[in-house]
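Per-entry structural report
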Amino acid sequence: MNAELLIPVGVAVVAILAAVAAFTIAWRRSSGDEWRKNVARETLASDRSTGVDVTAVVTDAAVAEAVLDTAPEAEEPAVGAVAIATTQRVVEVSPEEAGVTRRTFLNRALSATFLGGFLGTQALAFLSFLWPKVSGGFGSDVVAGKTADLLAQAVNPDGTKNPVFVPEARAYVLPASSITSEQFDGRGVDAGGLIALFQRCVHLGCRVPWCQTSQGFECPCHGSKYNSVGEYFAGPAPRNLDRFVVEITDSDDFIIKTGSIIETPRAIEKSVEYPLGPSCIGG
Ligand code: FES
């Protein structure tokens with residue numbers, strides 16, 4: 001199941017479970033206290049304050065007498081009637097003392113349902129954010145192709161570079177320069193003569209296209225320029241294009257580790273010359 005389908009299905013399941021739980025609890029609570037609907041609230045309150053259940057249905061004469069003994073000046077009850085104390089003390093009770101009414105309970109259950117749905121949505125959104133790490137795609141190790149094939153595609157017959165764009169990794173794969181800046185040493189950013197550059201401009205995040213004529217990357221948003229190995233050349237970008245850690249498997253697959261992004265400061269000494277022709281964005 002993909003992440004787009006996972007979210008609505010999860011929300012629906014959470015909402016249904018919450019609704020079923022609320023209905024079940026409401027039904028149980030109401031079925032045992034049905035008689036209370038027919039008794040005045042003041043009577044219930046008086047009952048609680050005296051500890052005598054004056055609303056009990058009297059089904060036996062002896063029981064009726066016992067009830068009246070606890071209720072001063074009560075009249076003779078009839079079997080099957082509801083015995084009500086003739087002298088009642090009206091006591092104001094707080095909602096807490098009166099207990100949770102059905103309406104209050106249902107309101108709370110409704111609120112809990114919406115809250116549960118909201119929290120469920122957030123949890124599923126978080127899981128979907130993590131989803132690519134376990135199912136492939138950006139954030140995980142991406143197989144860009146066979147190293148030999150990538151090398152062949154990334155260099156034109158005339159010797160100019162032609163980066164291979166790998167959408168799943170959001171990366172350009174291109175030949176590494178034989179003269180590499182020291183700041184990349186030992187950081188795992190080249191393998192088999194190839195490197196992988198993150199397509200995102202390090203200024204404000206625009207996708208940086210390749211310019212075939214100048215043999216560099218030129219950002220159309222604010223004019224930052226980088227040479228063919230992503231080293232900073234001009235514009236507001238604060239550093240070089242970011243690189244990914246890469247490796248080659250025993251079967252010659254070129255792997256881009258998109259979960260490992262390497263940032264480097266502007267290269268003082270450039271590995272390759274730039275520009276080698278007209279710019280695509282001017283300036
Ligand atoms: S986003 Fe690329 S230069 Fe501003």
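Residues numbered from 1 in each chain as written. Predicted model: local features only at pLDDT ≥ 70, side-chain atom pairs only at ≥ 80, totals over all residues. Heavy atoms only, no water.

1. Focus on the packing of aromatic side chains
Any aromatic ring pair is given by two values, namely how distant the centres are and how the planes are angled relative to each other. Put simply, the test is: The pairing test for Phe, Tyr and Trp rings, Trp by its six-membered ring, is centres within 6.5 Å, and the orientation test on the planes gives stacked under 30 degrees, edge-to-face over 60, and tilted for anything in between. Here a helix means four or more residues in a row that DSSP labels H or I, a strand means two or more in a row labelled E, and each is numbered from the N terminus. Burial here depends on accessible area, computed with a 1.4 Å probe over protein chains only, as a share of the maximum for the residue type. Under 20% is buried, over 50% is exposed, and the range in between is partly exposed. Only when the NZ of Lys or the CZ of Arg is both within 6 Å of the ring centre and within 35 degrees of the ring normal is a charge said to sit over the ring.
Scanning the entire structure with this criterion turns up seven aromatic pairs. Summarising the aromatic geometry, the rings of F138 and F244 are spaced 6.1 Å apart at their centres and angled 75° between planes, so their arrangement reads as edge-to-face. Here F138 is found in the loop between α5 (102-135) and β1 (141-146), whereas its partner F244 is found in strand β10 (residues 243-248), with 106 residues between them in sequence. Overall, F138 belongs to the partly exposed group, its relative accessible area being 22%. Every member of this aromatic cluster is reached through a ring pair, and the members are F165, Y172, W210 and F217. Over the aromatic face of Y232 sits the side chain of R266, whose NZ or CZ is 3.9 Å from the ring centroid.

2. Some remarks on unusual backbone geometry
A cis amide bond links Y274 to the next residue, P275, at an omega of -5°. For P275, the position within the fold is in the segment after β11 (253-262). Unusually for a residue other than glycine, R170 sits at a positive phi of about 50°. With respect to the element layout, R170 can be found in the loop between β2 (164-166) and β3 (171-175). By relative accessible area, which is 37% here, R170 ends up partly exposed. One non-glycine residue, D252, adopts positive backbone phi at about 75°.

3. Some remarks on a nonpolar patch on the surface
In plain terms, the rule: Patch membership is restricted to residues that have no salt bridge and whose relative accessible area is over 30%. Joining uses 9 Å for like charges and 5 Å for the nonpolar side chains Val, Leu, Ile, Met, Phe, Trp and Tyr. Residue exposure ignores everything except the shown protein chains as possible cover, and the areas themselves are Shrake-Rupley values with a 1.4 Å probe. Salt bridges are defined by distance alone: a side-chain nitrogen of Lys or Arg within 4 Å of a carboxyl oxygen of Asp or Glu.
On the surface, L115, F118 and L119 cluster together to form a nonpolar patch covering roughly 320 Å² of accessible area. Along the polypeptide, L115 turns up in helix α5.

4. Remarks on the pairing of β3
Remember that side chains alternate between the two faces of the sheet whenever the strand is regular. For the record, the criterion: The pairing criterion is simple: DSSP has to find at least two bridges between the two strands.
Summarising burial for β3: five of the five residues are buried, a large majority. Across three bridges, β2 lies against β3 in antiparallel orientation. Pairing of F165 across the sheet is with Y172, part of β3. Hairpin connection, β2 to β3: the antiparallel pair is bridged by four residues, and R170 has positive phi, about 50°. Looking at chain direction, β3 and strand β5 (residues 194-198) are connected through five bridges and run antiparallel. Note that in β5 the partner of A171 across the bridge is F198.

5. Some details on the environment of F217
Here F217 lies in strand β7 (residues 216-218). Taking the relative accessible area as the measure of exposure, F217 reaches 0% and is therefore buried. Between the C-alpha atoms of F217 and V229, which are 12 residues apart in sequence, the distance is 8.8 Å.

6. As for the confidence of the model for the protein
Low-pLDDT portions of the prediction should not be read for the details of their coordinates. Put simply, the rule reads: On a scale of 0 to 100, pLDDT captures the predictor's confidence in every residue. The contact definition used throughout considers only heavy atoms, calling two residues in contact when any of these lie within 4.5 Å.
Summing up the model confidence of the protein, the mean pLDDT is 79 and the portion of residues at 70 or higher is 65%. Ignoring residues within four places in sequence, the model shows residues 52-61, a span with pLDDT below 50, making 23 contacts including any to other chains.

7. A short note on the nonpolar core
Selection criterion: We define a nonpolar core as any set of buried Ala, Val, Leu, Ile, Met, Phe, Trp, Tyr and Cys residues linked to one another through side-chain atoms lying within 4.5 Å.
Judged by nonpolar contacts, the single largest core of 17 residues is most densely connected at A144, L150, V166, V173, A196, F254 and I256. Elements with a contribution of two residues or more to this core: β1, β2, β3, β5, β10 and β11. Top contributing element to this core by residue count: β5, with three residues. Apart from residues lying up to four places away in sequence, V173 is in contact with A144, L150, A154, P163, V164, V166, L194, I195, A196, F254 and I256. With 16 residues, the next largest nonpolar core counts L197, W210, Y226 and Y232 among its residues.

8. Considerations on the sheet that holds strand β8 (residues 225-227)
Spatial strand order, β6-β7-β8-β9: four strands in an open sheet with antiparallel pairing. For this open sheet the edge positions go to β6 (210-211) and β9 (232-234), each flanked by a neighbour on one side alone. As defined by bridge partners, β8 adjoins β9 across two bridges and the pair is classed as antiparallel. Looking at β9, one finds that Y226 is bridged to Y232.

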